[in-house]
Each structure stands twice: as C-alpha cells, then as structure tokens.
Amino acid sequence: MRISALITILFLFTTVLAGCGGSSSGEAGGKKVLNVALWDENVKDTLTKTIQLYNKSHPDVEVKVTYTPWADYWTKLKTSLAGNSGPDVFWMNGPNFYAYASNGWIKDLQPLIDQSKLDTSVYTDALVDLYSYKEHLYGLPYFLDAVGLYYNKELFDKAGISYPDNSWTWNSIEENAAKLTDKSNGVYGYAALIDSQSGYYDLIHQAGGYIISNDKKSSGFNSPEALSAFKWEQGLMDKGYSPSAQQQLETKPLQLFGSGKMAMFPAISVSAPELYKLLGDKLGVAPLPAGKKQATIVHGLSWAMNGKTKHEHEAWDLIQVLSGKEGEQMLADSGFSIPAYKGTEDGWLKSIPSLNLQVFVDSLKFAVPYPVSEKTAEWQDVETKEIQGAFLGKKPFEEALKTIADKMDEILAKEGKK
C-alpha cells in the first residue's frame, strides 16, 4: 500500500512539474489552449472577431486573451518569459524588441515565414525593418502610427490663413505661428514638443540627421543637424509661439490644443479619435512640414511568439490570421489605428469622414522606423533627462547632446556582449 501511495504521489508531483515548463499553454476540455497577451482593451471587439475567424479553421484550439495595463505589462511579460512560461502570442513594441529578440524570449519567425511562403512585402516597410533582428523577422506587423500636423481650422479661419499643406516647411510654421499666436487670449501658434516620437525625432531626420546609425553602433545626437532641430524648437518657445518646456510639463500640449488654445499640434495618427472628440469638425490634419527633407517617424506594434511555446504551429497560424488581410481589415474598420498590411486601411480612412486621414498613409513614403537597439531603454533614459534639462535652461544644448551621444555610444558598444 505504501509503495502504491508513493508511486501515486510521484506521478502527481511529476505532472505538476511538467505543467510549469515552457509556455503557460495547456489543454482545456480536450482543446489546446493558446494564451494571448496585450494591454489595450480598445481592440477587444476586433480581437474577438479575429479569433472567431481563426477558430473556423482551428475548432480544437481555445484562445484565452489577457489584457494587462501598460504600467504592469512589460514587467509581467519579461518575468514570465525569462522563467520559461508566459503567453504564447503577445504584443511587442519597438523600444523593447531588441532586448526580447537578443535574449531568445521571442521566436525567430523567419523559418516559419519561409516555410509558409508568406509575402512580408505586404507590410509597411518601416515596421518590417523595426521588427527585424539579424535580418530575420521576429514580429509580424499589426498596426502603425505615423506623425502628422493637426491644426484648428477655426483659428486659421479667424486669422485669414490658408490651411497647412504638403508645401509647408519649417519656415512656414514659424511665419504662420507668429500670426496665429494671440498672447492676450493665451493662444499659441504651435507646439514645439519636448516629446521624442512626435517632436524632435522627426525634426532631426528632417534636418538631415539621425538618432541611431543603421548598424546600431553610433549615436546621431552630437551632430549639427540634431542641434539645429533643438535650436529651432527653442527659438519658437523663446518667441512665445509655443509653450515653454516648463509650461508643457505643467499642462500637456494635447490639452491646450484640444481646448482651442493652440493652432498647430504635431501628433501621432492614433491621436485622431481623441482629438476629434475634443474639436469635432474644427480639426484638420496635414503632413509634417519639411526641413531639408520630409520625414515622419513610424512606430507600430507587432505580434510576437513565445520562444518556448508548446504550440508553435497553432500560434503561428493565429499570428497569420491576426496580421492577415482579413484580420487587418477588421482592425481598420474599428477605427483604432492604421493597419500594417498595405491596402487594408480603407475602413480606417473612413472612420472620421471630415478628417483627411489619407495624409498619414501618404506620409509613409517618407517613413523612418522608430529608433531602437538592444538597450533602447538605457540610452533613452539618458536622452530624456539631458534634453529636458537643456529645454529647462539647466545646460546648453551642445553640452546635453554631447553627453547623450557619448553615453549612448558606450551603451551601444556593450550591446551583444553577454
């Protein structure tokens, strides 16, 4: 009896251990279980419909979706994946991508892409570049956001100024911001943002510079082009055409723009629904004005796969449906964001009839992938601190940009060394 009981205990103990290895997927009621993780419940209805589409060809798979708030998402995901568990399929963003790919926490999708003969040219080029590691694709693009120039039609009409168009340059911004600024009523002509994606990243590229070199080995912050971008923004603040850095820290530029206290506001495409709720048909959008050239930073999310998933075949099929043509059309029809699959954006373009959302799609011709490397978070911490300090007048921009470049180069030199 004792031997029989011991065998039973050992069997149960072994079963529990087996359930702790690999991804957290298992079996439920005879079905294979795929766990999916993301942070934004605004796509819940779309995701439900897409999973229903997947289940038509995979009735034996149960897909469980967990929405974790942004504040906890990355800590929870990193901890679970590092512990050889975690979801099978999940959202991945640019700043975290290199760290996850280089540590083997997400699966190299290239062999599966090649085996499936999947044509990745259907996806926005900037996102394919963003989610490639050592020339292999590790995340299948899902949606993107580009940056455009939102403007308040009512303020332009009152000032008798023609709306911005694709002929505008930095000089156009400065000239018209002067006319649109009404200091007596607290109205600013433009927002010279101390934000990276919607602000100085775009400007540095428009000036002919770069944030990080293509080989990910050197910083572009300590360059005449980068300095000219920051000097231009600071000049607009000094003249009172834009809120100062201190004012931006106290009151978000989006709030000023949304309350009619700002005429022009550069922001990402995902902001369109929120801004439309605030301004209605007063809202307009145009391409970002050019410096020496046109450029818009493009970021977006991809679907990644757990490097230790137990259901690779089922997970890969799910990712293909989520980022496939029909799945992307569902996303577009929801109005959430621009789908990464080229040619499926029609539903999104019609989501706000009075707004020329085509501007964002057209701007992809000048797209620059969001700058990332293995240790993006480390050098961005330095970048944020130094740039904010310079805008607040604590140090010259020349000094701040040199500090960023030097520390960034040090961090980049250590990447890839375990």
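Residues numbered from 1 in each chain as written. Predicted model: local features only at pLDDT ≥ 70, side-chain atom pairs only at ≥ 80, totals over all residues. Heavy atoms only, no water.

Looking at the pattern of salt bridges
Okay, so step 1: For the structure shown, the criterion picks out 10 salt bridges.
Okay, so step 2: Of the charged contacts, one joins K32 and E314 as a salt bridge, the two residues approaching to 2.7 Å between their closest N and O atoms. On the criterion of sequence distance, the pair formed by K32 in strand β2 (residues 31-38) and E314 in helix α14 (residues 312-322) is long-range, its members being 282 residues apart.
Okay, so step 3: Take K32: its relative accessible area is 29%, and that puts it in the partly exposed class.
Okay, so step 4: When its relative accessible area of 8% is taken as the criterion, E314 is described as buried.
Okay, so step 5: As a salt-bridge pair, K395 and E386 come within 2.7 Å of each other at their nearest N and O atoms. (Salt bridge = Lys/Arg side-chain N within 4 Å of Asp/Glu carboxyl O. Helix = DSSP H or I, 4+ residues; strand = E, 2+ residues; numbered from the N terminus. Buried < 20%, exposed > 50% of the residue type's maximum accessible area, 1.4 Å probe, protein only.)

Thoughts on unusual backbone geometry
Okay, so step 1: Of note in this structure, K134 is not a glycine but carries a positive phi near 55 degrees.
Okay, so step 2: With respect to the helices and strands, the residue K134 is situated in the loop between β5 (132-133) and β6 (136-137).
Okay, so step 3: Backbone geometry at E135 places phi at a positive 65 degrees, although glycine is not the residue there.
Okay, so step 4: The topology assignment puts E135 in the loop between β5 and β6.

Digging into the pairing of strand β11 (residues 296-305)
Okay, so step 1: Of all 10 residues that make up β11, 10 are buried, and the element is covered over most of its length.
Okay, so step 2: Where strand β4 (residues 89-92) meets β11, four bridges bridge the pair, whose relative direction is antiparallel. Note on β11: the bridge partner recorded for W91 is W303.
Okay, so step 3: Looking at chain direction, strand β7 (residues 140-145) and β11 are connected through five bridges and run antiparallel. Its bridge partner lying in β11, P141 is registered against S302.
Okay, so step 4: As judged from the three bridges shared by β11 and strand β13 (residues 367-369), these two strands associate in the parallel manner. In the sheet register, I297 faces β13, and the bridge partner there is V368. (Pairing = 2+ DSSP bridges.)

Observations regarding the sheet that holds strand β9 (residues 264-268)
Okay, so step 1: If you walk across this open sheet you meet the three strands as β9-β8-β10, and the pairing is antiparallel. Of all strands in the sheet, those bounded by a partner on one side alone are β9 and β10 (283-286). Within this sheet the neighbouring strands show an average axis-to-axis angle of 35 degrees, counted without direction.
Okay, so step 2: Where strand β8 (residues 147-152) meets β10, four bridges bridge the pair, whose relative direction is antiparallel. What sits directly across from N152, in β10, is L283.
Okay, so step 3: Sitting on the sheet, helix α13 (residues 272-279) touches β8, β9 and β10, and the angle it makes with β10 is about 145 degrees. (Axes fitted to C-alpha atoms, helices over the stretch in contact; angles between N-to-C directions. Contact = heavy atoms within 4.5 Å.)

Comments concerning the confidence of the model for the chain
Okay, so step 1: Considering every residue of the chain, the mean pLDDT works out to 92; 93% of them sit at 70 or more.
Okay, so step 2: In this model residues 1-22 is a low-confidence stretch, pLDDT under 50, and it forms eight contacts with partners more than four residues away in sequence or in other chains. (pLDDT = per-residue confidence, 0-100.)

Comments concerning α13
Okay, so step 1: Those residues of α13 that sit buried are A272, L275 and L279. Down the axis, α13 shows its buried residues gathered within 70 degrees of arc, on one side only.
Okay, so step 2: Summarising the contacts, the buried residues of α13 are in contact with β8, α12 (253-258), β9 and β10.
Okay, so step 3: Phi turns positive, to about 60 degrees, at G280, one or two residues after α13. (Arc of directions from axis to C-beta.)

A few points about the packing of aromatic side chains
Okay, so step 1: Under the criterion given, the structure shown has 34 aromatic pairs.
Okay, so step 2: Plain terms: the ring middles of Y133 and Y138 are 5.7 Å apart, the flat faces sit at 85 degrees to each other, and that makes the pair edge-to-face. Of the two residues examined, Y133 and Y138, each falls in the buried class.
Okay, so step 3: Relative to F397, the ring of F391 has its centre 4.9 Å away and its plane inclined at 80 degrees; by these criteria the two rings are edge-to-face.
Okay, so step 4: Accessibility expressed as a relative area gives 6% for F397, which makes it buried.
Okay, so step 5: A network of ring pairs unites the aromatic residues W39, W70, Y73, W74, W91, Y100, W105, Y142, F143, W303 and F336 as a single cluster. (Phe/Tyr/Trp six-rings, centres within 6.5 Å; stacked < 30°, edge-to-face > 60°.)

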